[in-house]
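# Reading the structure
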Amino acid sequence: MDQYDGEIDYMQQEDDWDRDLLLDPAWEKQQRKTFTAWCNSHLRKAGTQIENIEEDFRDGLKLMLLLEVISGERLAKPERGKMRVHKISNVNKALDFIASKGVKLVSIGAEEIVDGNAKMTLGMIWTIILRFAIQDISVEETSAKEGLLLWCQRKTAPYKNVNIQNFHISWKDGLGFCALIHRHRPELIDYGKLRKDDPMTNLNTAFDVAEKYLDIPKMLDAEDIISTLRPDEKAVMTYVSCYYHAFSGKQKAETAANRICKVLAVNQENEQLMEDYEKLASDLLEWIRRTIPWLENRLPENTMQAMQQKLEDFRDYRRLHKPPKVQEKCQLEINFNTLQTKLRLSNRPAFMPSEGKMVSDINNAWGSLEGAEKGYEEWLLNEIRRLERLDHLAEKFRQKAAIHEAWTEGKEDMLQKRDYETASLSEIKALLKKHEAFESDLAAHQDRVEQIAAIAQELNELDYYDSPSVNARCQRICDQWDSLGALTQKRSEALQRTEKLLETIDQLYLEFAKRAAPFNNWMEGAMEDLQDTFIVHTIEEIQGLSTAHEQFKATLPEADKERQAILGIHNEIAKIVQTYHVNMAGTNPYTTINPQEINNKWDKVRQLVPQRDQALIEEHARQQNNERLRRQFANQANVIGPWIQTKMEEIGRISIEMHGTLEDQLTHLRQYEKSIVNYKPKIDQLEGDHQLIQEALIFDNKHTNYTMEHIRVGWEQLLTTIARTINEIENQILTRDAKGISQEQLNEFRASFNHFDRDHSGTLGAEEFKACLISLGFDIANDAQKRSGIMDAEDFKTCLISIGYNLGENEFSRIMSIVDPNRMGIVTFQAFIDFMSRETADTDTADQVMASFKVLAGDKNYILAEELRRELPPDQAEYCIARMAPYTGPDGVAGALDYMSFSTALYGESDL
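Everything in this summary refers to the structure shown in the same document. (Residues numbered from 1 in each chain as written. Predicted model: local features only at pLDDT ≥ 70, side-chain atom pairs only at ≥ 80, totals over all residues. Heavy atoms only, no water.)

## Quick look at the packing of helix α9 (residues 175-184) against helix α10 (residues 199-213)
- It is the contact of α9 with α10, at a shortest axis distance of 8 Å, that shows an interaxial angle of 40 degrees. Relative to α10, the element α9 lies oblique. Seen along the crossing, α9 lies across α10 with a hand that is left-handed. Only Asn-202, Leu-203, Ala-206, Phe-207, Val-209 and Ala-210 of α10 make contact with α9, whose side of the interface consists of Leu-175, Phe-177, Cys-178 and Ile-181. (Axes fitted to C-alpha atoms, helices over the stretch in contact; angles between N-to-C directions. Helix = DSSP H or I, 4+ residues; strand = E, 2+ residues; numbered from the N terminus. Parallel < 35°, antiparallel > 145°, perpendicular 65-115°, else oblique. Left-handed = near helix turned anticlockwise from the far one by under 90°. Contact = heavy atoms within 4.5 Å.)

## What to know about the packing of helix α17 (residues 425-444) against helix α19 (residues 467-531)
- At a minimum axis separation of 9 Å, α17 and α19 run at an interaxial angle of 160 degrees. Classified by the interaxial angle, the pair formed by α17 and α19 is roughly antiparallel. Here the hand of the crossing between α17 and α19 comes out left-handed.
- Tallied by class, residues from the contact of α17 with α19 come to 10 nonpolar, 6 polar and 6 charged. (Nonpolar A, V, L, I, M, F, W, Y, C, P; charged D, E, K, R; others polar.)

## Overview of unusual backbone geometry
- With phi around 65 degrees, Asn-161 is a residue other than glycine that occupies positive phi space.
- Tracing the sequence through the fold places Asn-161 in the loop between α8 (144-156) and α9.
- Residue classification places Asn-161 among the partly exposed positions, given a relative accessible area of 44%.
- Even without being glycine, Leu-697 reaches a positive phi, approximately 60 degrees.
- With respect to the element layout, Leu-697 can be found in the loop between α24 (680-695) and α25 (708-739).
- Looking at Leu-697, the relative accessible area reads 56%, which means it is exposed. (Buried < 20%, exposed > 50% of the residue type's maximum accessible area, 1.4 Å probe, protein only.)

## Brief notes about the side chain of Thr-121
- Inspection of the secondary structure puts Thr-121 in helix α7 (residues 118-134).
- On the basis of relative accessibility, which here comes to 1%, the residue Thr-121 falls in the buried class.
- Excluding residues that lie within four positions of it along the chain, Thr-121 makes contacts with Ile-53, Glu-54, Phe-57 and Ile-113.

Rendered as structure tokens:
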């Protein structure tokens, strides 16, 4: 093909390029930087570079070098002279080489290049870029420019805010460059953090990453792209083409690597299949080699269980072990055929297994295996039937032998036991009867022993494999049988001899028990009496205990004689045991008492006697001291008790007698109280004596009827009574002064109240109330009365009538609610005085208080807070304001207070 058949007409592009420069001179700056960087990216491979694009290409040397680097071809030898003609010659050689690649150079001559025409130099470089960097780009049969644009669009399609439509304004925000890098090398850029409104950062990021990691020099300036309304298309295309070549080169390398990997994968797969075949064949041949000797083994076993296990192993071989091996053999042949097919299809030589591992070798080994199987199962069944006959006879021998051995188990030990040496007489008799029953049982087992011997003889004749074991067992049974006969006779004689000795000892045991029991009871009773804790309260009681103790000590010599006789019986038993070597492990069956216990208790009695003597002496001394304490307490209590009673009666008389004024009575009572308080040391002394009595645990005292509790209660009542009486006089003084009552009026009130208290007890009961009615003219008998200092409701009513009140039931109920607010049905003298003071004295009423409030309110039915604060002291005014309810009458005003309800509440006639 002629080199000009693919010639490209760049004339139209050159015209566009000229117009662009005229329209926007700033493009020239961008092209200078971009084209210079593009040229240097190739010149660096030859170890040089340019600084000024129109100056450094003037001699044609670096221009020719650039073309050799990017084309990979050698140009004509350059002229080394420095004359203009030499330079023009070199440039023409370069232009001729460009034209030889099918490029028409329009309006570009060597002279313009040598003269340093920037416009022509840039046009020439652009022509070189188009031919060597962009022309080869083709996507879906498009032109170079359209192919490069389509490649950019497809690579950036998945990215937001990226829309590549051209090679100028579509790249201004820098996201297109970043998207191309991230699409092919996502680890180099964090695309998610980029922002469309920050083009400077985006552009610099892309330029820096491309230069550092992709070996693409910085051909553009971010400032120039951002500041230019429409970046230079050629500069952008040149820079973007570097991205295309960088990433397309990587793709080619990946394609080559994939091809190599595919070839290697096929080879590795084939090698793995070869290894699998070799291993599977080796394992299968090894299994056959191990299995054939096992199938050829015809050595019989001695037991049915062993032969059955062989049969079971053979069945497991047929059912479990052989089927997987059949599958392995089949799979081995399949793998071999598959491997040969794959090797043939991949132009590889056929697989030749190791020696002895061919498919034919495996088939031969398998045939030998199946030959060994023939007849093995039939031989197993015949051997099992033969052993079954022998096992039946041997099992019969074992059963009979086991039954006999189970019967004889422990029999020798039982016959050799010397239990009769420690048995009682009754136990010996029982052992004799048990031994007679055993002798009968022994004779009955003779027939089984003979049968065992006969079966053992038959097994020997049939050459049973375990005959030595059978013979040994049979001999042990026969020897044991002879031993049992001898031991049975020996035990019978020993039991009979022991029976006679124990009958003699039993008589002595019985006599010991008959005499030891009552003597033991006497000693236990004596110890109980000697250790008994006696509790006495008088000297007479302790003297009686001492007399009884002396009588007991007189019986001790006779008791010691009885003890010696009982011990003599025990010594006789010990002599028999020692003489005839009887092992007396048991105790006396008739009693639990033994000589040691008798001696111990006797010694205990002898020890307790002097201890009892000492205890009686000490108790006698203690009772003498207790009697002294009783008399000491009684002497004081018999004085203090009557004194308290006398003082109580004197206070009662003082409280009802009216001598002198209330102040005189109060003075007298306080002096009386002082004299009572001065008596307290004697009470304290009595308390000390009482404590000594309690510590001595004295609970009675025949020398006095007074107890400390009586004295305490009386003393407390005396103090309470004098304090209450003083308080009543003080309250009467307060009432008199508060109500303006004269002394004569108070005396009159007291006389009326005391009229019914005739026994001067300070209380008033029902009978006294009857006497009151009789005094008023009612016919009521029995005037036995009692005064309590209080009146019940009927007493109070009668009293009021007697002094001039004419009462109906309603009026009396009203008065009772005043004097008895708790509804207890009684009237105290203080309540009586309060009521009479209220009736006779000049006191305020609710109506009087309401009238006073009405004056302060200016004759209104309500009062205001300001009026209360103006007329009353501050604290009393605030008291009223806080408790008065709002006035609700029709004539009320804001803030009006109801003083009427407040006044009635003050006197309990309504709720406050």
